[in-house]
Amino acid sequence: MKEFHALENEKVEKKLMPHPLSFLHLHALWIFLTLWGIFLAWFFRSSYWEKMPNVDLLQIGGAASLWLAGLVVAGVAASILMIR
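Treat the numbers as computed from the prediction; the structure is a model and nothing was measured. Sequence order as written defines residue numbering, which begins from 1 separately in each chain. Where local features are concerned, this predicted model is filtered to residues with pLDDT of at least 70; where side-chain atom pairs are given and counted, the filter is 80 or more; whole-chain, interface and lining totals use all residues. For the side-chain quantities, the full set of heavy atoms in the structure was used; hydrogens and water were omitted.

As for the packing of aromatic side chains
Thought 1: Note on aromatic pairs: the rings of Phe, Tyr and Trp (six-membered ring only in Trp) are paired at centre separations within 6.5 Å, and the planes decide the class, stacked below 30 degrees, edge-to-face beyond 60, tilted for the rest. Tallied over the full model, the rule gives 3 aromatic pairs.
Thought 2: Ring geometry for F32 against W36: centres 6.3 Å apart, planes inclined by 15°, an arrangement best described as stacked. Of this pair, F32 and W36 both sit in helix α1 (residues 24-44), 4 residues apart, which is roughly one turn of that helix.
Thought 3: Taken together, the ring pairs in this structure connect F32, W36, F39 and W42 into an aromatic cluster. Secondary structure follows DSSP: runs of H or I at least 4 residues long count as helices, runs of E at least 2 residues long count as strands, and numbering of each begins at the N terminus.

The structure is reproduced here in structure tokens:
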């Protein structure tokens, strides 16, 4: 870390560092989105989709709607939870 030089008549009273968990709420966002992506990848490769009719539009629409619903719900929940 770069050492800063104080100006004339300036002194450092305390050097503070944030707690390691103080940014957990921000890290939780990308962790959730990563887990959501892993879940969707697993879900769309599962045997459930093999039982569906062989209509690509249905599979693409189902995938897109589930993906979008998850992102919207996560975004709304994160917005509500991070209001201070």
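Looking at a nonpolar patch on the surface
Thought 1: Like charges are joined within 9 Å and nonpolar side chains (Val, Leu, Ile, Met, Phe, Trp, Tyr) within 5 Å, but only among residues with over 30% relative accessible area and no salt bridge; these make up the patches. Per-residue and other accessible areas follow the Shrake-Rupley method at a 1.4 Å probe size, with only the shown protein chains counted as cover for residues. Only one rule defines a salt bridge in this text: a Lys or Arg side-chain nitrogen within 4 Å of an Asp or Glu carboxyl oxygen. Together, F23, L26, L29, L81 and M82 give the surface a local cluster of nonpolar side chains, amounting to about 470 Å² of exposed area.
Thought 2: With respect to the element layout, L29 can be found in helix α1.

Focus on unusual backbone geometry
Thought 1: Its identity as a non-glycine residue notwithstanding, N9 has a phi of 65°, on the positive side.
Thought 2: Note on placement: N9 falls in the segment before α1.

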